[in-house]
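# Chain and residue survey
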Protein chains: 2
Amino acid sequence: MGQKVVIIGGVAAGPKVAGKLRRLDPEAEIVILEKGKFLSYAGCGLPYYISGDIEKQQELMESPLGVMRDPEFFRKSKRVQVYNRTEALRIDRTRQEVEARNLESGEILVFPYDKLVLATGAKVAVPPVKAIDLNQPETELRCLDLSHVYTLHGVEDAEAIRWSIREKLARRAVIIGGGLIGLEMTESLVKSGLEVTILEMLPEILPILDEDMGILVRRYCQEKGVNIRVGEKVERLEGEEGRVKRVVTDRGSYEADLVIIATGFRPDSDLARRAGLEIGETEGIKVDLFLRTSDPNIYAAGDCVEIENLVSGSPSYMPMGSLANKQGRVVAINLAGGTETFRGALNSAIFKLFDYTIARTGFGIRQAQTQGYEVEYALVPASDRAHYFPGAKRVVTKLVADKRSGKLLGGQVIGPGEVSKTIYALATALNYGARVEDLSNLDVPYAPPYASAIDNICVAGNVLRNKLEGKMVGISPQEVEKKRKRGEDFVLLDVRTPKEYQTARIPGSTLIPLGSLPQNLDQLPRDKEIVLFCAVSLRGYEASLILRAAGFEQVLVMDGGIACWPYDLEK
Amino acid sequence: MGQKVVIIGGVAAGPKVAGKLRRLDPEAEIVILEKGKFLSYAGCGLPYYISGDIEKQQELMESPLGVMRDPEFFRKSKRVQVYNRTEALRIDRTRQEVEARNLESGEILVFPYDKLVLATGAKVAVPPVKAIDLNQPETELRCLDLSHVYTLHGVEDAEAIRWSIREKLARRAVIIGGGLIGLEMTESLVKSGLEVTILEMLPEILPILDEDMGILVRRYCQEKGVNIRVGEKVERLEGEEGRVKRVVTDRGSYEADLVIIATGFRPDSDLARRAGLEIGETEGIKVDLFLRTSDPNIYAAGDCVEIENLVSGSPSYMPMGSLANKQGRVVAINLAGGTETFRGALNSAIFKLFDYTIARTGFGIRQAQTQGYEVEYALVPASDRAHYFPGAKRVVTKLVADKRSGKLLGGQVIGPGEVSKTIYALATALNYGARVEDLSNLDVPYAPPYASAIDNICVAGNVLRNKLEGKMVGISPQEVEKKRKRGEDFVLLDVRTPKEYQTARIPGSTLIPLGSLPQNLDQLPRDKEIVLFCAVSLRGYEASLILRAAGFEQVLVMDGGIACWPYDLEK
């Protein structure tokens, strides 16, 4: 008989361990315990199931060949015993046993193991929001007690939300939380014909991006008719006859017949904690390079573990399906006697929002500062292919670096254009500890339908180098807007052409086209800050070189130019 | 007065040097000498101008803001003096002068320099093909002497070809050379309604790819109605009344009223050679890390230089617009007193062919072998996004590695799906000297509309690792076909389902579905080679593990499965 391997968790990492281990170790006795009904489904596809982009639930559970990955499949094809609707209750590390309960029959089962794998996943971080049923105001409820209030944690949730929409029981949705999942759900619900309001407690949506990028996404989303409220805290949900009716915040009240709570995930490490395994500062299960927990007979993988951020080496929590699958593979190899390592990851993420793609990798400014880096950045709007090629679309690339070392810390790319290529290159560069200067001559391939002759990633690297080398001093549109609002005395100088200026301009800006700047230097004060910009701030940069060469000292260039200006323009 | 900088060449690297230098050095006197009429145009966009995808010639010469980059623009906006239609004849390195001739007036001009930049570009490698005019059979002609025979070297060529098409003077085109330019032109001409024949002397088209990838592209192109003849050498062109009528090869004759010679480029280093500058083994001008030639006052950039292949460190010739632009930037910085380096490049390339994207970076098998590497590779067909996501399309990823060191040497990606992301990541990985094992856990971002949970690049890396570690022994479809044709006695075992087998199968293959393989081992001979495959050879690999565990010794897996089988299937 082979080794007894028990896997707790049957969604992503768990089935991956089972499948790969079966290939490597034909003798192993493999058991999966899964609390839910469904196995091995593509959780990241749920928003697209709700929107109807993916028609059938089964598609999320089928292999590329159309084989349904249900318990029967695992038993027959993989010789893996699956117990679904079975919750692991306790790990006895001395006896090497897992005690579990069948959630339908209530029966208690005991599974002995030689090796145990924890793939217990994440749990939704439901905020402590109270709910009240106006018909029974005296009863204290929690938000999920009202009907038509959902998280998006599994197939069952998706099924219920889709059903509500199909049955026309929902018309107005409120999404609590403007993060990645909240925005994926926004697209899904808008496509389904619902009116959507997003309520975000933080000052800007999408904390996975920096605020200057988040605000661009918010403006885009608002143009699509989505009501987004930032800096607004949900205080309670109100319902009638058990069903949600509105969401009340510290600043307003929003009618809703569907509420989705998308306030993030936390590692589901309770079982591990109770078993005395080491838990990290992120609440994820601590694992070594081989994904072994503090007990050498117990491995862990997926959304329940803490991993290393490869940029900084610091402990991180990155609940991503891709990492879960990769970790599952590593665990299986090690269970089969191998020595495969998982060094960590970069917190890379990508998602679709209507016609935008939004992606990030490594650190944003805030996260980098928290890690003690002194941050510089570049914000570069550009075409995703040769500007003259039909179909060229805009993308905004942001790079973040450490001022002291010139090390690249992260990247963010958003826009209607092709985003993947840039974020793939950036993630790969970060994987090797890239310095910003490495990007200047990176030989990514070029042809007009796919890129500009000097790729955006190289251009962004060059802009950032200019800033790191002190050749250019930047100021964000947000800071410029604050100055304007405070009524500060500074020159906001547009160096575009008169024609461009006429079409749309920033309120309070002055025009001196780049070409005539050298002859008009005497129009500019030497004792005030001069903030230069153009369409994308390339001419703005050129102008700053001219001013600096002429002895002007307080010369700033507005990051990203008009393309990254997220406030109203005069027309 | 500032330094006198003379730049010979005004297409890509030259204008880039001029523009960037002007920003860095407001005092420099900058002169560009350009043989042609046009300046600073997007040469790589010419095929799209011919097809009409790009309507106006000017679009190729305009800045992203719609400003025409003509001599006037350079003079006014950049204070750069441009002499077009002016050919540099001689460099006098002692006197630091360039002698040039105005091609219109015949006037000889002399340009003194402090620093000289050679950006003389490439010349078309016109093969020594004879031509004959049937009306004047005694006159010896070269192929370009007949009318309607073109290279694609500049705006004038593109203009003439486009004109021929518009005026309906061309109906049948023959393209001599099945390389990148030849295929870009193929799309362009097919879109313009022409019948196209490609004549390639080598055994397969697209020498920038390996043959197993080239043949897939050829089959695709043939399905699009393009006549492609490989291994066929052009012997002569025949014309009537000065105009081309047909192309005669060693194996046939092809009617043609338009012939395009696309047999590659060579560095135009004649001027440098005559000036006694060091020339490399690729005929490109030798430059150091700072892009300085053997004369410290002379720099060189673009298609005329020899650069280092970053994978092997060997001298290479890579005539690419992207590299020319990047090198132009480096030269400008160094002219302005900086110390910017250009380490080399990866021979990365990408192009569009109807609905296919074709890309490569680093070494293919042949090139790697020439460099002395012992090569292993993986060929992995897969979906470009989650297989269940609407719009998912096929791509084939090929990785090449050094067997001894496990170092990644190159990658190729083709297909109708999204190719850029993978090739960007591969090029970046090569830039850092990646090992194949680095790819397994590379944290490229995942969401169903963009990728699979385990990205293709990771999967391809894992397949290659299996081969490098001896867990899997591959055989290419080409070798299998040769075995079949030679009538060798081996088992070609399809492990797909009966349903898949019924739909389409390789002639001579036997079916034992993976699921029933363990029970049917006695049907297989132990003394013969068994070649396993499935749709993509993942199940094929699983089957090979089963056979090897059962003691079978001659077990091979066919690379890429049916998806990479380029020959006819039985249906």
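Fair warning: this is a prediction, and the values are worked out from it, not measured in the lab.

### Details of the overall build of chain A
- The secondary structure content of chain A amounts to 14 helices and 33 strands.
- In terms of overall size, chain A behaves like a compact globule, its C-alpha atoms giving a radius of gyration of 27 Å where 571 residues would be expected to give roughly 25 Å.
- Dimensions along the principal axes, computed over C-alpha positions, put chain A at roughly 85 × 60 × 45 Å.
- Within the span of chain A, comprising 571 residues, buried residues form 60% of the whole.
- By sequence separation, contacts in chain A at least 24 residues apart represent 63% of the contacts at least 6 residues apart.
- With 74 positive and 78 negative side-chain charges, chain A shows a separation of 2 Å between the mean positions of the two kinds.

### Considerations on the pairing of strand E13 (residues 195-200) of chain A
All names here are of chain A.
- Burial analysis of E13 places five of its six residues in the buried class, which makes it a mostly covered element.
- As paired strands, strand E12 (residues 172-176) and E13 are joined by five bridges and run parallel to one another. Residue pairing for E13: Ala173 is matched across the bridge by Val196.
- One ladder, built from four bridges, connects E13 with strand E14 (residues 227-230); its direction is parallel. Within the sheet, the bridge partner assigned to Ile198 lies in E14 and is Ile228.
- Between the parallel elements E13 and E14, the chain passes through helix H6 (residues 211-223) in a crossover that is right-handed.

### Some details on the nonpolar core
- By size, the foremost hydrophobic cluster in this structure holds 307 residues, and its most contacted members are Leu118 and Leu189 of chain A together with Leu118, Leu189 and Leu353 of chain B.
- Filtering out sequence-adjacent residues up to four positions away, Leu189 of chain A remains in contact with Ile50, Ile161, Ile165, Ala173, Ile175, Leu194, Val196, Leu258 and Ile260 of chain A.

### Some details on the sheet that holds strand E29 (residues 474-475) of chain B
Residues and elements named next belong to chain B.
- One open sheet holds the five strands; their spatial order is E29-E33-E32-E30-E31, and the pairing between them is parallel. Every interior strand has two partners, whereas the edge strands, E29 and strand E31 (510-511), have only one.
- Judged from the two bridges that link them, strand E30 (residues 491-494) and E31 form a sheet pairing that is parallel. Counted as the bridge partner of Leu493 is Thr510 from E31.

### A few points about the packing of aromatic side chains
- Counting across every chain of the model gives 15 aromatic pairs over all chains.
- Their ring planes at 85° and their centres at 4.9 Å tell us that Tyr48 of chain A and Phe389 of chain B sit as a pair that is edge-to-face. Note that Tyr48 of chain A is positioned in helix H2 (residues 46-50) and Phe389 of chain B in the loop between strand E26 (375-383) and strand E27 (394-402), a pairing that runs across two chains.
- Taking relative accessible area as the criterion, Tyr48 of chain A reaches 3% and is therefore assigned buried.
- Considering the side-chain rings of Tyr220 of chain A and Tyr356 of chain A, the 3.7 Å spacing of their centres and the 15° angle between planes classify their relative orientation as stacked. One end of the pair, Tyr220 of chain A, is in helix H6; the other, Tyr356 of chain A, is in strand E25 (residues 356-362), with 136 residues separating them in the sequence.
- Since its relative accessible area comes to 18%, Tyr356 of chain A is described here as buried.
- Taken together, the aromatic side chains of Tyr220, Phe354 and Tyr356 of chain A make up a single cluster linked through ring pairs.
- One cation-aromatic arrangement involves Lys398 of chain A over Tyr377 of chain A; the distance from NZ or CZ to the ring centre is 4.5 Å.
- It is Arg526 of chain A that lies over the ring of Phe552 of chain A; its NZ or CZ is 4.1 Å from the centre.

### Regarding the packing of helix H1 (residues 13-24) of chain B against helix H8 (residues 321-335) of chain B
Residues and elements named next belong to chain B.
- At a minimum axis distance of 8 Å, the contact between H1 and H8 shows a crossing angle of 35°. In this structure, H1 meets H8 at a crossing whose hand is right-handed. Taking contact as the criterion, the partners of Ala13, Lys16, Val17, Lys20, Leu21 and Leu24 in H1 are, on H8, Ala324, Asn325, Gly328, Arg329, Val331, Ala332, Ile333 and Leu335.
- Class assignment of the residues belonging to the contact of H1 with H8 gives a composition of nine nonpolar, two polar and three charged.

### Observations concerning the environment of Arg166 of chain B
- With respect to the secondary-structure elements, Arg166 of chain B resides in helix H4 (residues 155-166).
- When the C-alpha atoms of Arg166 of chain B and Ser192 of chain B are compared, they prove to be 8.7 Å apart, with 26 residues separating the residues in sequence.

### Here we look at the relation of the copies chain B and chain A
- Mapping chain B onto chain A calls for a rotation angle of 180° and an axial translation of 0.0 Å; the resulting RMSD is 0.0 Å. The transformation just described matches what one would write down for a two-fold rotation axis. Considering only C-alpha atoms, the residue of chain B closest to the rotation axis is Lys421 of chain B, which sits at 1.9 Å.

### Side note on helix H3 (residues 71-78) of chain A
- For H3 of chain A, the set of buried residues is Phe73, Phe74 and Lys78 of chain A. Along the axis of H3 of chain A, the buried residues cluster in a sector spanning 95°; they form a single face.
- As for H3 of chain A, its buried residues are in contact with helix H1 (13-24) and strand E3 (80-83) of chain A together with helix H14 (538-549) of chain B.
- At the C-terminal side of H3 of chain A, Arg79 of chain A shows a positive phi close to 50°.

### Let's talk about the side chain of Thr86 of chain A
Residues and elements named next belong to chain A.
- You can see Thr86 is positioned in strand E4 (residues 86-92).
- Of the polar contacts made by the side chain of Thr86, one reaches the backbone oxygen of Asn84; its length is 2.9 Å.
- Sequence-distant contacts of Thr86, that is, excluding residues within four places in its chain, are made with Leu33, Glu34, Lys35, Ala100, Arg101, Asn102, Leu103 and Leu109.

### Let's talk about the state of the cysteines
All names here are of chain B.
- This structure, assessed with the given rule, holds zero disulfides over all chains.
- Cys44 supplies the cysteine sulfur nearest to Cys304, a cysteine that is in no disulfide, at a spacing of 15 Å.
- On the basis of relative accessible area, Cys304 is assigned to the buried category, the value being 0%.
- Here Cys564 stays free of any disulfide, with the sulfur of Cys534 as its closest cysteine sulfur at 11 Å.

### A closer look at the interface of chain B and chain A
- Taken residue by residue, the interface counts 78 residues in chain B and 78 residues in chain A.
- For the chain B and chain A pair, buried surface summed over both sides reaches about 6,700 Å², with 62% attributable to carbon and sulfur atoms.
- The interface formed by chain B and chain A holds six salt bridges in total.
- In this assembly, chain B and chain A are joined by 22 residue pairs in polar contact (both at pLDDT 80 or more).
- Of all the secondary-structure elements, those providing two or more residues to the side of chain B that touches chain A are H1, H8, strand E24 (349-353), strand E25 (356-362), helix H10 (420-431), helix H11 (456-468) and H14 of chain B.
- A total of 10 residues in the side of chain B that touches chain A trace back to one element, the largest contributor, which is H10 of chain B.

### Observations regarding the domain arrangement of chain A
All names here are of chain A.
- Assigned domains within chain A: domain 1 (4-121 + 266-335), domain 2 (130-263), domain 3 (349-468) and domain 4 (474-564).
- Inter-centroid distance (C-alpha atoms) of domain 3 to domain 4 is 24 Å.
- Across the boundary between the two partners, domain 3 contributes seven residues, which contact eight residues of domain 4.
- Overall, the association of domain 3 and domain 4 removes approximately 630 Å² of surface from exposure, summing both partners, and the carbon and sulfur fraction of that is 59%.

### Some points on the packing of helix H10 (residues 420-431) of chain A against H10 of chain B
- Look at H10 of chain A against H10 of chain B: their axes get within 8 Å of each other, and the N-to-C directions meet at 25°. Relative to H10 of chain B, H10 of chain A is oriented roughly parallel. In this structure, H10 of chain A crosses over H10 of chain B, and the sense of that crossing is right-handed. Across from Ser420, Lys421, Thr422, Tyr424, Ala425, Thr428 and Ala429 of chain A in H10 of chain A, the residues of H10 of chain B making contact are Ser420, Lys421, Thr422, Tyr424, Ala425, Thr428 and Ala429 of chain B.
- For the contact of H10 of chain A with H10 of chain B, the residue count by class is six nonpolar, six polar and two charged.

### Things to note about the environment of Ile350 of chain A
- Summarising the element assignment, Ile350 of chain A is placed in strand E24 (residues 349-353).
- For Ile350 of chain A, the contacting residues outside a window of four places in its chain are Thr357, Ile358, Ala359 and Ser420 of chain A together with Pro445, Tyr446, Ala447 and Tyr450 of chain B.

### Concerning the sheet that holds strand E7 (residues 115-118) of chain B
Residues and elements named next belong to chain B.
- Strand order across the open sheet formed by five strands is E3-E2-E1-E7-E21, with parallel pairing between neighbours. Each end of this open sheet is capped by a strand with a single partner; those strands are strand E3 (80-83) and strand E21 (298-300). With direction set aside, neighbouring strand axes in the sheet form an average angle of 20°.
- In this structure, E7 lies alongside E21, joined through three bridges in parallel fashion. Across the sheet, residue Leu118 finds its bridge partner in E21, namely Ala300.
- Where H8 meets the sheet, it contacts strand E1 (4-8), E7 and E21, and its direction lies at approximately 160° from that of E21.

### As for the pairing of strand E18 (residues 258-261) of chain A
Residues and elements named next belong to chain A.
- The alternating pattern of E18 places Leu258 and Ile260 and Val259 and Ile261 on opposite faces, both of which are buried.
- Pairing of strand E11 (residues 149-150) with E18, which is carried by two bridges, proceeds in the parallel orientation. Considered in E18, the bridge of Tyr150 is made with Ile260.
- Pairing between E12 and E18: four bridges, direction parallel. Its bridge partner being in E18, Val174 is matched across the sheet by Val259.

The rules behind these values
Sequence positions are assigned chain by chain, starting from 1 and proceeding in written order. Just so you know, chain letters begin at A and ligand numbers begin at 1, following the order they were written in. Local features in this predicted model are restricted to residues whose pLDDT is 70 or higher, and side-chain atom pairs enter the listing and the counts only when it is 80 or higher, whereas totals over whole chains, interfaces and linings include all residues. For the side-chain quantities, the full set of heavy atoms in the structure was used; hydrogens and water were omitted. Each helix is a run of DSSP H or I of at least 4 residues and each strand a run of E of at least 2, with the numbering of both proceeding from the N terminus. We take the radius of gyration over the C-alpha atoms and set the globule estimate at 2.2 Å times the residue count to the 0.38 power. Exposure categories follow from relative accessible area, calculated using a 1.4 Å probe and restricted to protein chains: below 20% of the type maximum is buried, above 50% is exposed, and the middle band is partly exposed. Residue contacts are counted whenever heavy atoms from the two residues lie within 4.5 Å of one another. Under the counting rule used here, the positive set is Lys and Arg, the negative set is Asp and Glu, and His together with the chain ends is not counted. A single reference atom marks each charge: NZ on Lys, CZ on Arg, CG on Asp, CD on Glu. When DSSP finds at least two bridges between two strands, those strands are taken to pair. Handedness of a crossover is defined as follows: with both strands directed away from the viewer, a clockwise route from the first strand across the helix to the second makes it right-handed. Working definition of a nonpolar core: buried Ala, Val, Leu, Ile, Met, Phe, Trp, Tyr and Cys residues. They are joined through side-chain atoms within 4.5 Å. Geometry of aromatic contacts follows a simple scheme: Phe, Tyr and Trp rings, the Trp one being its six-membered ring, pair when their centres are within 6.5 Å, and the pair is stacked under 30 degrees between planes, edge-to-face over 60, tilted otherwise. Note on criteria: charge over ring means Lys NZ or Arg CZ within 6 Å of the ring centre, with the direction from the centre no more than 35 degrees off the ring normal. To obtain an axis, a line is fitted to C-alpha atoms, over the contacting stretch when the element is a helix, and the angle between two such axes runs from 0 to 180 degrees between their N-to-C directions. Crossing handedness is read from the near helix: turned anticlockwise from the far helix by less than a right angle, it gives a left-handed crossing, and turned clockwise, a right-handed one. Throughout, the ten residues Ala, Val, Leu, Ile, Met, Phe, Trp, Tyr, Cys and Pro are labelled nonpolar, Asp, Glu, Lys and Arg are labelled charged, and all others, Gly among them, are labelled polar. For this overlay, a least-squares fit was computed on C-alpha atoms, restricted to residues scoring pLDDT of at least 70 in both copies. The arc in question is formed by the directions pointing from the helix axis toward the C-beta atoms. The term polar contact refers here to a pair of N or O atoms within 3.5 Å; inside protein, the definition further demands a hydrogen-donor-capable atom paired with an acceptor-capable atom, and it admits residues adjacent in sequence only when both atoms are side-chain atoms. Cysteine sulfur atoms are paired as a disulfide whenever they fall within 2.5 Å. When two parts are brought into contact, each loses some accessible area as probed by a 1.4 Å sphere; the total of that loss over both is the buried area. In what follows, salt bridge is the name for a side-chain nitrogen of Lys or Arg lying within 4 Å of a carboxyl oxygen of Asp or Glu. Residue ranges for the domains originate in an automatic or database domain assignment. We call two directions roughly parallel when the angle between them is under 35 degrees, roughly antiparallel when it is over 145, roughly perpendicular when it lies between 65 and 115, and oblique otherwise.

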